[in-house]
Amino acid sequence: MKIALLGYGRMGKEIEKIAISRGHEIVIRKDVDDKIDITLADVAIDFSVPNSAFNNITDCLNNNVPVISGTTGWLDKYDNAVALCKEKNGGFIYASNYSVGVNIFFELNKQLAKMMSTLKDYNVSMEEIHHTKKLDAPSGTAITLAEGVIENTSKTDWVLGDESSENEVPIVAKRIPDVPGTHTVWYNSDVDTIEIKHTAHNRKGFALGAVIAAEWILDKTGVFTMKDVLNIS
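Residues numbered from 1 in each chain as written. Predicted model: local features only at pLDDT ≥ 70, side-chain atom pairs only at ≥ 80, totals over all residues. Heavy atoms only, no water.

1. So, the overall build of the protein chain
- Each helix and strand in the protein chain was counted, giving seven helices and 11 strands.
- The globule rule puts the C-alpha radius of gyration for 233 residues at 17 Å, and the 18 Å found for the protein chain is close to it.
- Its C-alpha atoms put the protein chain at 60 × 40 × 30 Å along the principal axes.
- Out of the 233 residues in the protein chain, the part that is buried amounts to 47%.
- Put simply, 65% of the contacts in the protein chain that link residues at least 6 apart link residues at least 24 apart. (Helix = DSSP H or I, 4+ residues; strand = E, 2+ residues; numbered from the N terminus. Rg over C-alpha atoms; globule rule 2.2 N^0.38 Å. Buried < 20%, exposed > 50% of the residue type's maximum accessible area, 1.4 Å probe, protein only. Contact = heavy atoms within 4.5 Å.)

2. Observations concerning the state of the cysteines
- Counted according to the given criterion, the structure contains zero disulfides.
- Take C60: it sits in no disulfide, and the sulfur closest to it among the cysteines is that of C85, at 11 Å.
- A relative accessible area of 0% places C60 in the buried class. (Disulfide = S-S within 2.5 Å.)

3. Notes on the environment of H131
- Among the structural elements, H131 can be located in the loop between strand 6 (123-130) and helix 5 (140-152).
- As a C-alpha pair, H131 and T182 span 51 residues in sequence and 9.9 Å in three-dimensional space.
- Each residue touching H131, except ones within four places of it in the same chain, is listed here: R10, R175, I176, D178, V179, P180 and R203.

4. Thoughts on the nonpolar core
- Among the nonpolar cores identified, the biggest contains 26 residues, and I15, I45, I68, I93 and Y98 are the most heavily contacted of them.
- Among the elements of the structure, strand 1 (2-6), helix 1 (10-21), strand 3 (43-46), helix 6 (204-217) and helix 7 (226-230) are those that each provide at least two residues to this core.
- Per-element accounting of this core gives the leading share, seven residues, to helix 6.
- Setting aside chain neighbours within four positions, we find Y98 in contact with F47, I68, S69, G70, I93, N103, G205, F206, G209, A210, A213 and M226.
- Core analysis: the next-biggest nonpolar cluster, separate from the first, contains 20 residues, I28, A53, A81 and Y94 among them. (Core = buried A, V, L, I, M, F, W, Y, C linked by side-chain atoms within 4.5 Å.)

5. Considering the sheet that holds strand 7 (residues 157-160)
- Strand order across the open sheet formed by five strands is 7-8-6-9-10, with mixed pairing between neighbours. Two strands close off the open sheet at either side, each with one partner strand: strand 7 and strand 10 (193-199). Here the strands of the sheet are splayed against their neighbours by 20° on average, with no regard to which way each runs.
- As judged from the seven bridges shared by strand 6 and strand 9 (residues 182-188), these two strands associate in the antiparallel manner. (Pairing = 2+ DSSP bridges. Axes fitted to C-alpha atoms, helices over the stretch in contact; angles between N-to-C directions.)

6. A closer look at the packing of aromatic side chains
- Under the counting rule described, the total for this entry stands at seven aromatic pairs.
- A centroid spacing of 6.1 Å and a plane angle of 40° characterise the contact between Y78 and F92, whose relative ring orientation is tilted. Here the residue Y78 occupies a position in helix 3 (residues 78-88), and F92 occupies one in strand 5 (residues 91-94), the gap between them amounting to 14 residues.
- Under the relative-accessibility criterion, Y78 is labelled partly exposed at 24%.
- Taking relative accessible area as the criterion, F92 reaches 0% and is therefore assigned buried.
- By way of ring pairs, the aromatic residues F54, W74, Y78, F92 and Y94 are connected into one cluster.
- Against the face of Y8 rests K13, its NZ or CZ located 4.3 Å from the ring centre. (Phe/Tyr/Trp six-rings, centres within 6.5 Å; stacked < 30°, edge-to-face > 60°. Lys NZ or Arg CZ within 6 Å of the ring centre and 35° of its normal.)

7. A few points about the pattern of salt bridges
- Counted under the stated rule, the structure contains six salt bridges.
- Of the charged contacts, one joins R175 and E128 as a salt bridge, the two residues approaching to 2.8 Å between their closest N and O atoms. A residue pair is termed long-range when its members are at least 10 positions apart, and R175 in strand 8 (residues 168-175) and E128 in strand 6 qualify at 47 residues.
- In this structure R175 comes out as partly exposed when scored by relative accessible area, which is 25%.
- Since its relative accessible area comes to 0%, E128 is described here as buried. (Salt bridge = Lys/Arg side-chain N within 4 Å of Asp/Glu carboxyl O.)

8. A look at helix 1
- Compared with the 16 Å implied by 1.5 Å per residue over 12 residues, the 17 Å span of helix 1 between its first and last C-alpha is a close match.
- Along helix 1, the positions that sit buried rather than exposed are M11, G12, E14, I15, E16, I18 and A19.
- Elements that come into contact with the buried residues of helix 1 comprise strand 1, strand 2 (25-29), strand 3 and helix 6.
- After helix 1 finishes, the residue G23 shows a positive phi value of roughly 90°. (Expected span 1.5 Å × (residues − 1).)

See the structure below:
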C-alpha cells in the first residue's frame, strides 16, 4: 500500500516507521514535499496542523484518495468534509485519537457515565496532560470523553478549567514536557471517588492505530469511525 503522510512532524515520523515495518511504502511526505500529487497514494494519513487539515482532506476526497485524519482543532469544518466525502463517494475517517486502548477507553467512559447518570451525589470532572508542543487545549481526546458523558447524563456542555456550572463537565488541561497523553475521568462524592484513566507510554499506539485504520479503509467508501475499524459495538 502506498501512503501519503500529510504532516511530517513527530507523529508523521512515528507513522512512517510503523507503516514501513508493516510492508507499506511512503510516497509523499507533505512537510518535505511542497508540491504533491496526491493521486500517487492509495491512502493518505493526515496529522498536520488545524489550518491545513481541511484543505488536505479536501484534496484527497477530490482525487478519490481515502483519507485518515487525526488532526484536531479544525472540526468547525467537519460537516463540510462529511458532505464532500458523500458527494465524491470517497472514504474518510476522523478520530480524535487512533490508539486502540483509547478507543476502548471511550466506550468504557460512556458505560460508566450511563451508570452514574442517576447518582446525583457524584460530580464528574476530567484532566488531560500532554507535551508542551501540543497547541490546542483541551485535547480532542478530552473533548470526545466529555461528549461521551454529555450524551449519557444530564450534562449539556464542557468547559476548560476547574470551575464549572452544574450542567458543565470541567476539563483541566496541563502541558508537561515529554508526556504523550494522559486522560483521567473522576466521579467524586463526599464518601468516595471513582476514577478511570488512560496513560499513553509513547506515541506508537496512536501511530499503529492510524496505520490500521488506513489498511482497513482501503477500497471502502463512506464516513467511518474507529468503532467501525475495531468492530466495537
